[in-house]
Amino acid sequence: MKVLKFGGSSLADGPRIAAAGAIIREAAQVERIAVVLSAMQGVTDLLITAARKAAEGSEGGRIALEQIRARHLAAIRSLFAAPEQSPVIAALTIMLNDLEEILHGIELIRECSPRTLDLVTSFGERLSCTLAAAHLRSGGLDACYVDTRELIQTDESFGSALVQFPVSYARIQARFAALTGTAILPGFIAAAVSGVTTTLGRNGSDYTASIIAAGTAAALIEIWTDVDGVLSADPRLVPGAFVVPEISYEEAMELSFFGARVLHPYTMLPAVEKGIPIRIRNSLRPAAPGTLIGAPHHLESGRRAAAAAANGGRAAAAGTAGASGTAGTSGSASAANGHPITGIASIEGISLINIEGGGMLGIPGIAARVFSALARERINIIMISQASSEHTISLVLRSGEAARAISALEAELAMELAARRIQALERISGLVIVSVIGEKMRGKPGLAGQLFTALGAAGVNILAIAQGSAERNISIVIEETNHARALRAIHAAFLTAPATGAGSGWTDDAADSSGAGAATGGA
Ligand code: ADP
Ligand code: ASP
Ligand code: MG
């Protein structure tokens, strides 16, 4: 079994859906497949707009709904001959009428709860899958729509629900055992025990594909998108970004967690658990090999490292691979191509909260109370760093959560603030986290120094620094105005030098010049 997932970019319009259909039909001739689809590109955003505008009582809700209708109708007209169109239009119209009623309800009560928003956004994937399944059937494939809400069970954290794995895997297994045709499954959506619709978070269709793959014990997950694979940086910000042929699960997780949108960060969890490799591929260029994500034994570099280790390490010196890196280096892009790092990612819309005060010195428990207070509010701390003086704790989080975080901290630390043991809760907004990621960074102190030198030369000021405890990642916080400049400077320093083997582009023994005080690991 192979699971193929097509993102919204691969389903943007009729011709793109036809191209995805050709890839699906070809794959189905070779082996048993399951297909997970996103909504058509931009449709989830339109659904959110429709719900928000309806809640405001504005005309915008209806306009967005009509745009959604028009997008699907145009796709139907381009994909089906005239006599075939009406049953597909009828099926989608039933769903769009349902959606219209829900939006009308929102407009009447002037409120859209997270629960209702999940129901509204679920229509994107349900519409695209109904349409694509009909298209595939008209092309001769025995395709059937299988509603993921009957398979994936979650809690009721609407907007980003937590998957309950054992029950979900059991249902997937049972459903696929009884299924004869090719399943077309909506990504992103699931259901709680009560049956109410939930979603897995923005970009969640990648995660759905991985859950379905784990439940069916698939041999491979293919994520089809609009770029040639995982790139060394976001191609929209770094023109020189290049395709990374292979990376470890952990590197992929770090890259996506720190902003590489090409994959939902949770995608790797079921894949790691069941040992299923993931290949990222371009639906516009199906011949391109893409990026392979997996455990060392899945990856060329990992196999080379294992062979080198079996040879007593002698072989490592011969190859171009940086497999000569530290013992235990798992397969990774940086190991494979000689670059010291694998890639760069970044998250915009970040705020820094500094908790400052001499009174925190040596008093245990402040950090624990800070984290508990924010956890109670379900505020996600992306990164923390504490100066070794213990005078300041810096928390890095999304700007949208910063006001709530300050209120929670003011309440929790009210006594300390009143007694001036904590002098201030300072908030700085308009920031970006930039993360440098790679397995090969482990145990290489000189890299941090080179990173800061490159940023210094580009005139980029650093507000906070943290290194993940696995040393696979160094993250820095900078001002948004320096975003693209910083990414390009780092890319030029670490990723464009000719990759001639281990040690290219930097030296192992360069001194660590971070001077940043103790920094503790990111999330
Ligand atoms: P899909 O619709 O297929 O889910 P997404 O838009 O979610 O596609 O993700 C693909 C996009 O991610 C690419 O078009 C690219 O602009 C962006 N991206 C950001 N960082 C990276 C990266 N490191 N590698 C590849 N793509 C990236
Ligand atoms: N359609 C959802 C979104 O836009 C899920 C996905 O595309 O993966 O976030
Ligand atoms: Mg996506």
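Here's what I pulled together on the structure shown here.

### Examining the overall build of the chain
The helix and strand tally for the chain stands at 16 helices and 17 strands. The proportion of buried residues among the 523 residues of the chain is 53%. With the model as given, the accessible surface of the chain reaches about 20,800 Å², and the carbon-plus-sulfur share is 55%.

### Regarding helix α5 (residues 114–138)
When the terminal C-alpha atoms of α5 are compared, their 37 Å separation across 25 residues agrees well with the 36 Å that a helix rising 1.5 Å per residue should span. Counting buried residues in α5 gives 19 out of 25 residues, a clear majority hidden from the surface. Positive backbone phi, approximately 100°, marks Gly 140, located one or two places after α5.

### Side note on the site of ligand 2
Every residue close to ligand 2 is listed here: Ser 38, Thr 44, Glu 125, Phe 188, Arg 202, Asn 203, Gly 204 and Ser 205. Between Glu 125 and ligand 2, the recorded distance is 2.6 Å, taken from a side-chain N or O atom to a nitrogen atom. With respect to ligand 2, the side chain of Arg 202 contributes an N or O atom lying 2.6 Å from an oxygen atom. Look at ligand 2: alone it shows 260 Å² of surface, and the protein chains cover 88% of it. Residue composition of the shell around ligand 2, grouped by class: one nonpolar, five polar and two charged.

### Concerning the sheet that holds strand β8 (residues 220–225)
Sheets are built from strands paired through backbone hydrogen bonds, the pairs being either parallel or antiparallel. If you walk across this open sheet you meet the eight strands as β3-β5-β2-β1-β8-β10-β11-β9, and the pairing is mixed. For this open sheet the edge positions go to β3 (143–145) and β9 (246–248), each flanked by a neighbour on one side alone. Within this sheet the neighbouring strands show an average axis-to-axis angle of 20°, counted without direction. Pairing geometry for strand β1 (residues 2–6) and β8, over five bridges, is parallel. Of the residues in β8, the one forming a bridge with Lys 5 is Ile 223. Its contacts with the sheet put α5 on β2 (33–37), β3 and β5 (182–186), and the angle it makes with β3 is roughly 160°.

### As for the pattern of salt bridges
Applying the stated rule across the entire model yields 24 salt bridges. Here Arg 369 makes a salt bridge to Glu 416, at a shortest N to O gap of 2.8 Å. One end of the pair, Arg 369, is in helix α12 (residues 366–376); the other, Glu 416, is in helix α14 (residues 414–418), and 47 residues separate them in sequence. Among the ionic contacts, a cluster of salt bridges with common partners joins Lys 2, Glu 31, Glu 222 and Arg 281.

### Focus on unusual backbone geometry
Residue Phe 188 is not a glycine yet carries a positive backbone phi of 75°. Judged by relative accessible area, Phe 188 falls into the buried class, the value being 5%. Positive phi, close to 55°, is recorded for Arg 378, a residue that is not glycine. In this structure, Arg 378 sits in the loop between α12 and β13 (383–386). Residue class for Arg 378 comes out exposed when judged on its relative accessible area of 59%.

### Thoughts on the pairing of strand β10 (residues 278–282)
Most of β10 is tucked away, with four of its five residues classed as buried. Here β8 runs beside β10; their pairing, made up of five bridges, is parallel. Counterpart to Ile 221 in the pairing with β10 is Ile 278.

### So, the environment of Thr 130
If you trace the backbone, Thr 130 turns up in helix α5. Separated by 56 residues in sequence, Thr 130 and Pro 186 place their C-alpha atoms 8.9 Å apart.

### Observations regarding the packing of aromatic side chains
Going through the model one piece at a time under the given rule, you end up with four aromatic pairs. For the pair Phe 165 and Tyr 169, a centre-to-centre distance of 5.6 Å together with 45° between the ring planes defines the contact as tilted. Pair noted here: Phe 165 and Tyr 169 are both in helix α6 (residues 165–177), with a separation of four residues, about one helical turn. For Tyr 169, a relative accessible area of 10% corresponds to the buried category.

### Focus: the pairing of β5
Among the five residues in β5, five count as buried, and that is most of the element. Covered by surrounding structure in β5 are Thr 182, Ile 184 and Pro 186 together with Ala 183 and Leu 185, the residues of both alternating faces. Both β2 and β5 contribute to a ladder of four bridges, which runs parallel. The residue of β5 that forms the bridge with Val 35 is Ile 184. Bridge analysis of β3 against β5 gives three bridges, and the strand direction is parallel.

### Regarding the packing of helix α3 (residues 60–79) against α5
Interaxial distance between α3 and α5 falls to 11 Å at its minimum, and their mutual angle equals 5°. Taken together, the axes of α3 and α5 are roughly parallel relative to one another. Residues Ile 68, His 72, Ala 75, Ile 76 and Leu 79 of α3 pack against Leu 127, Ser 128, Leu 131 and His 135 of α5. Split into classes, the residues belonging to the contact of α3 with α5 amount to six nonpolar, three polar and no charged.

Thresholds applied
- Residues numbered from 1 in each chain as written.
- Chains lettered and ligands numbered in written order.
- Predicted model: local features only at pLDDT ≥ 70, side-chain atom pairs only at ≥ 80, totals over all residues.
- Heavy atoms only, no water.
- Helix = DSSP H or I, 4+ residues; strand = E, 2+ residues; numbered from the N terminus.
- Buried < 20%, exposed > 50% of the residue type's maximum accessible area, 1.4 Å probe, protein only.
- Areas by Shrake-Rupley, 256 points an atom, 1.4 Å probe, with all protein chains shown as cover.
- Expected span 1.5 Å × (residues − 1).
- Near = heavy atom within 4 Å.
- Polar contact = N/O pair within 3.5 Å; in protein donor to acceptor, adjacent residues only side chain to side chain.
- Nonpolar A, V, L, I, M, F, W, Y, C, P; charged D, E, K, R; others polar.
- Pairing = 2+ DSSP bridges.
- Axes fitted to C-alpha atoms, helices over the stretch in contact; angles between N-to-C directions.
- Contact = heavy atoms within 4.5 Å.
- Salt bridge = Lys/Arg side-chain N within 4 Å of Asp/Glu carboxyl O.
- Phe/Tyr/Trp six-rings, centres within 6.5 Å; stacked < 30°, edge-to-face > 60°.
- Parallel < 35°, antiparallel > 145°, perpendicular 65-115°, else oblique.

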